Amino acid sequence: MLLNETSELALDVDRAFAFAQTLGSGASYRVSVKRNPVGQNCSVSNATGVVTANVDNVLVTCETPVPDGSGSFQIGGTISGLVGSGLTLSNGADTVTVPAGNTSFAFAQRLASGTAYEVSISTQPVDPVQNCVVSNYAGTVSNADVTHIAVACVTPPAPASQGLILSRSTLSFEGEEGQTVADQVVTGSIVAATGPVFVSVRSSSVGLQWVNYRWLGDTSGQLTVSPRPSGTLTPGVYVDAITVTACYDENCTRPVAGSPKQLPVSYTVRAPAPAPILRLSDHGVAFASVPGASQLVRELTVGDSSGAATGWRASSSAAWLSVTPSGNSGGTLRLAANPSGLADGLYLASVAIASDNPAITRTETVRVGLYVSAATSASRLAVPPPSPPAAIVDSVMEADPVRPLVYSSAGATIAVDHVHTGQRVATLNVAGAELGTMTVSDDGSRLYVLNYADCSMVVVDLDTMTVLRRYGFPQLLMWPSTLQDSRIAFARVHGQPALVLTNASMPYGVTSRSLAAVLKADSGELVGELYGQYGIQGLRMAVSRDGSTLYAANAGLSGMLSTQRIELRANSAGNLYGKVVASTPGVNRASLQDIATNSDGSRVWVAYATDDRVLEAVYSGGALQWTAGLAPFQRPAGSDSRFSLPVDLQSDAWGRLATHDSGRELRIYDAGGTIRQQWLDLQDPLVWGPSGSMRISGDGLRLIGNGRLMSIQP
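Residues numbered from 1 in each chain as written. Predicted model: local features only at pLDDT ≥ 70, side-chain atom pairs only at ≥ 80, totals over all residues. Heavy atoms only, no water.

Draft legend 1. The packing of aromatic side chains, seen in detail. Counted by the stated rule, this structure contains eight aromatic pairs. On the basis of an interplanar angle of 50 degrees and a centroid distance of 6.4 Å, the ring pair of Tyr 238 and Tyr 267 is categorised as tilted. With Tyr 238 in strand 23 (residues 236–247) and Tyr 267 in strand 24 (residues 261–270), the pair connects residues that are 29 residues apart, well separated along the chain. For the pair Tyr 531 and Tyr 577, a centre-to-centre distance of 6.2 Å together with 65 degrees between the ring planes defines the contact as edge-to-face. On the criterion of sequence distance, the pair formed by Tyr 531 in strand 46 (residues 526–531) and Tyr 577 in strand 51 (residues 576–583) is long-range, its members being 46 residues apart. Here the two residues Tyr 531 and Tyr 577 agree in accessibility, since each one is buried. One aromatic cluster is present, built from ring pairs that chain together Phe 173, Tyr 238 and Tyr 267. The ring of Phe 633 has Arg 667 sitting right over it, with the charged end atom 4.5 Å from the ring centre. (Phe/Tyr/Trp six-rings, centres within 6.5 Å; stacked < 30°, edge-to-face > 60°. Helix = DSSP H or I, 4+ residues; strand = E, 2+ residues; numbered from the N terminus. Buried < 20%, exposed > 50% of the residue type's maximum accessible area, 1.4 Å probe, protein only. Lys NZ or Arg CZ within 6 Å of the ring centre and 35° of its normal.)

Take a look at the structure:
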C-alpha cells in the first residue's frame, strides 16, 4: 500500500498507478510505502517533488528477499517522520543507528527461523528532539525476513505546562468486518518531574481488546492500544475511554500535575462490502451411466450476491451436456447428460455462466464429468488403500466431485482408485513426505494434502495427476506435532478458493495465539480466520457445497457440547473469514465421531459415541435447533449398546445422508429424512471401520469404505 501524505493507494499487481486525490500546481508531494506486500520489500524512487505538470516518474520497486543460504533471515522495517539524528534501535545486543531522513532500517545480524526478536529504541533522535515509538516490535522469525516492524517519530510541541503530557488527545480506529485493524501507540511523558513516578492505566473494553503500558525511561512511557478483532463485532461504532494516572506515590495521594488524563477512543466497524459475484450452489458435477443405475440430471441454483434481480446466461462446452440457457437470479440451472452413442469412458465438459449485472464481470464455471460403462461395477478395490495412522484415518480419503475416483494417502503416497472398476488408476509419490489430512476442491481441479514432514501443503493438479506446488505457512507457527492434529476443509468463499486450517498458531506480540486459519487455497496466504469459534484443537468441520456455511464441533470432549454454525464471508479488503452466527443448545454427550451438512447448510448431523442415533439440527434463519434426530440404530441380538453407536456420516450432492453404526447396520437417508436403503448384520469391515472412513462418490452411486465398494440407488 502506497501513501502520499494522507492519500492512500492499494496495489496488488504490477501496473501503472495514480492516486485518487489530485494536487494543484505548486503543491508538494511525498510518496512512501505504507505497508509492504506479504513476503516482499518495496522502495520508492523519485518519491518527492513539487507539482508543475502530471507526475509520472515515481517508480516503486518490490523485491522478494532471498535467504542468504544459511537459513537465517533479516530483521527490519519502516521508519516515518524521522528528521532528527542519532536514533539508535536495538534487538538484544544488536544495534543499528539510523540517519536522519531514512524511511527503512535493517539489523546486520540475521536470525534463524524460530528465533524470538524484540526491537526497542536505545537512543531517541536529537536536533530536533523527537519521540519515536516502535510497533510490531516483537515476535518470532518464521521462515521469512521480518519487514513489518514500524518506527514512527514525531517532534513534540514545546510543553505548555509541566506535568503529564500525552502525544494523542483522541484515538480513532476503523475497519471493515473481517479486516485486520492495526494497533495504535500513544506516548506519554512527565515534564519537570520532582521525583519517581507511578503510572496506572485503566480502560473500558467495549471495542478494545487490551491496552498495554511499558516504560521507555524514568519519566516516559508508551501505550499500545489494541482493538477487538473486527470479525467478532457487529458493524457499528464502539466508544471506549482510557484513563492514565500519574502520581508520586503508589497510593496516589500526590498526583502529577495534569493527572489523570482521559483518552477517548472510537472504533467504527463497517459492514463487509465485497464486489458482487454470481453465486452458484456448486462448481463440480459428476454424472454416470452404468448397468442398473444412472445419474444424469442435476439442478444448481444461480444467484446474484448483491441481491439484485438480474439475469444470467449459461452455455455448455460439449454436445452430450445440455443446460438451461438463461434464467434470473435465484433461478435453477438444469444440467442433463446424454450418454447415447458414447463409447465407454470418462468425458469432461464445462458450463460457463455469465451475469447480466454490469457490476459482475467474472464468468463462473461448473466442471462436469460423465462416466459411461457397460461393465458391472466392482465390489472391492483391487488394491487395498494405504493404511494411515489411526489418529487421522477420518481425514485421509476424499471422493472426486467430478470424476469416478477416490483419493487416499499414507506415508509419501497418494493412491487414486476408480469407484466403479475398483482398479488403481494412478499412484503419486511425493519424495520425503509424510502425507496426512486431505481435502479436494469443489470443482475437482485440485487436491490439497498436509505434509507433516516439513509442515507444508502439497497441491495436486487433478487434471494432470501431478504435484503442482508445495508451500509452507510463513505467517503461521506450525510444527509437525501440531499439524498432525490439524484438519483442512475446502470452501469457495464468495467465489474465492480457500482452505480452513484448524489447530494453527500465529505470532502475537512476544507470544503466540491459536486460531482456525483461512488461507488462499493455492498459495497459503493467510487472509482471515474463524472468529468466535470456541475450540481450535480437535475441531471437526463440515462445509456446505455452496461455500457459504461451515459447521464445527469438537472431538475428544465430554459434557454439555454444542455445534456451531459459522457463516463464511468476504470483504472488500480481500479478507476471507468465518463468523459464528448460531449454536445448538448444549447436550450432555461425549466423543464426537463425525459431522456432516447438506448442500445449502440448512441442516447439520452430528454423531456422538454416547448415542444410539444421529443427532440433527435445523437452522431457521435465527436459531440452530435440535430435531428429534434420526431413528435409533438396531442393536444386534445378544450385543450391548456399544454395537449401536453412530460412527460415520456422509452427505452427497443429491441431499442424501449415509451413516452406519459400530455394529453392522448401514443406512441411506433421502433428503426428506426417510430411509431409502438399509443393510443389517453386514459381515464386512465397512461398518466396523474407524470413524470417518466412509465416502460417497461424486456421482452418488457408490459407497466407499475400507476397500469395499457398494452401490447406492439413485
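Draft legend 2. The state of the cysteines, seen in detail. Going through the model one piece at a time under the given rule, you end up with two disulfides. Each sulfur of the disulfide joining Cys 132 and Cys 153 lies 2.1 Å from the other. Its S-S torsion of approximately 110 degrees makes the covalent link between Cys 132 and Cys 153 right-handed. Separated by 21 residues along the polypeptide, Cys 132 in strand 14 (residues 131–135) and Cys 153 in strand 16 (residues 146–154) bring together distant segments of the chain. Using a relative accessible area of 6% as the deciding quantity, one classes Cys 153 as buried. With a sulfur-sulfur separation of 1.7 Å, Cys 247 is cross-linked through a disulfide to Cys 252. The class of Cys 252 is partly exposed, set by a relative accessible area of 31%. (Disulfide = S-S within 2.5 Å.)

Draft legend 3. Representation of the sheet that holds strand 24 within the structure. Spatial ordering of the open sheet is given by 18-24-23-20, a layout of four strands whose pairing is mixed. Among the strands making up the open sheet, the edge pair consists of strand 18 (171–176) and strand 20 (198–203). Strand-to-strand twist of the sheet, defined as the mean angle between neighbouring strand axes without regard to direction, takes the value 15 degrees. Of the pairings in the sheet, the one linking strand 23 to strand 24 comprises nine bridges and is antiparallel in character. Across the sheet, residue Gly 236 finds its bridge partner in strand 24, namely Val 269. (Pairing = 2+ DSSP bridges. Axes fitted to C-alpha atoms, helices over the stretch in contact; angles between N-to-C directions.)

Draft legend 4. Structural detail: the pairing of strand 21 (residues 208–217). Sheet analysis places strand 21 next to strand 22 (residues 220–227), joined by eight bridges and oriented antiparallel. Bridge pairing in strand 22 links Tyr 213 to Leu 223. A loop of two residues connects strand 21 with strand 22, the two strands running antiparallel in sequence.

Draft legend 5. Region of interest: unusual backbone geometry. Each neighbour pair has its own omega, and for Ser 259 with Pro 260 the value is 0 degrees, a cis peptide bond. Its location among the elements puts Pro 260 in the loop between strand 23 and strand 24. You will see that Cys 455, though not glycine, has its phi angle at about 55 degrees, which is positive. Position of Cys 455 relative to the elements: it lies in the loop between strand 40 (446–451) and strand 41 (456–461). The exposure class of Cys 455 is buried, given its relative accessible area of 12%.

Draft legend 6. The arrangement of the sheet that holds strand 9 (residues 87–91) in detail. Across the sheet, four strands lie side by side as 10-9-13-15; this open sheet has antiparallel pairing. Two strands bound the open sheet, and with one partner strand each, they are strand 10 (94–98) and strand 15 (138–140). The sheet shows a mean angle of 25 degrees between the axes of neighbouring strands, taken without regard to direction. Bridging between strand 9 and strand 10 involves five bridges; their strand directions are antiparallel. Bridging across to strand 10, Leu 87 finds its partner in Val 98.

Draft legend 7. View of the environment of Tyr 407. Relative to the assigned elements, Tyr 407 resides in strand 36 (residues 405–410). Contact partners of Tyr 407, with chain neighbours within four places excluded, come to Val 396, Met 397, Glu 398, Asp 400, Ala 415, Val 416, Met 438, Leu 447, Leu 462 and Met 465. Here Asp 400 takes part through its side chain, which lies 2.5 Å from a polar atom of the side chain of Tyr 407. (Contact = heavy atoms within 4.5 Å. Polar contact = N/O pair within 3.5 Å; in protein donor to acceptor, adjacent residues only side chain to side chain.)

Draft legend 8. Layout of the nonpolar core. One finds Leu 333, Leu 335, Val 351 and Ile 353 to be the most contacted residues of the largest nonpolar core, which totals 24 residues. Secondary structure elements with two or more residues in this core: strand 25 (278–280), strand 26 (284–290), strand 28 (297–304), strand 29 (311–316), strand 30 (321–323), strand 32 (331–337), strand 33 (345–355) and strand 34 (364–372). The element that contributes the greatest number of residues to this core is strand 34, accounting for four residues. Sequence-distant contacts of Val 351, defined by excluding residues within four places in its chain, comprise Ala 314, Ser 315, Leu 321, Val 323, Leu 333, Leu 335, Glu 364, Thr 365, Val 366 and Val 368. (Core = buried A, V, L, I, M, F, W, Y, C linked by side-chain atoms within 4.5 Å.)

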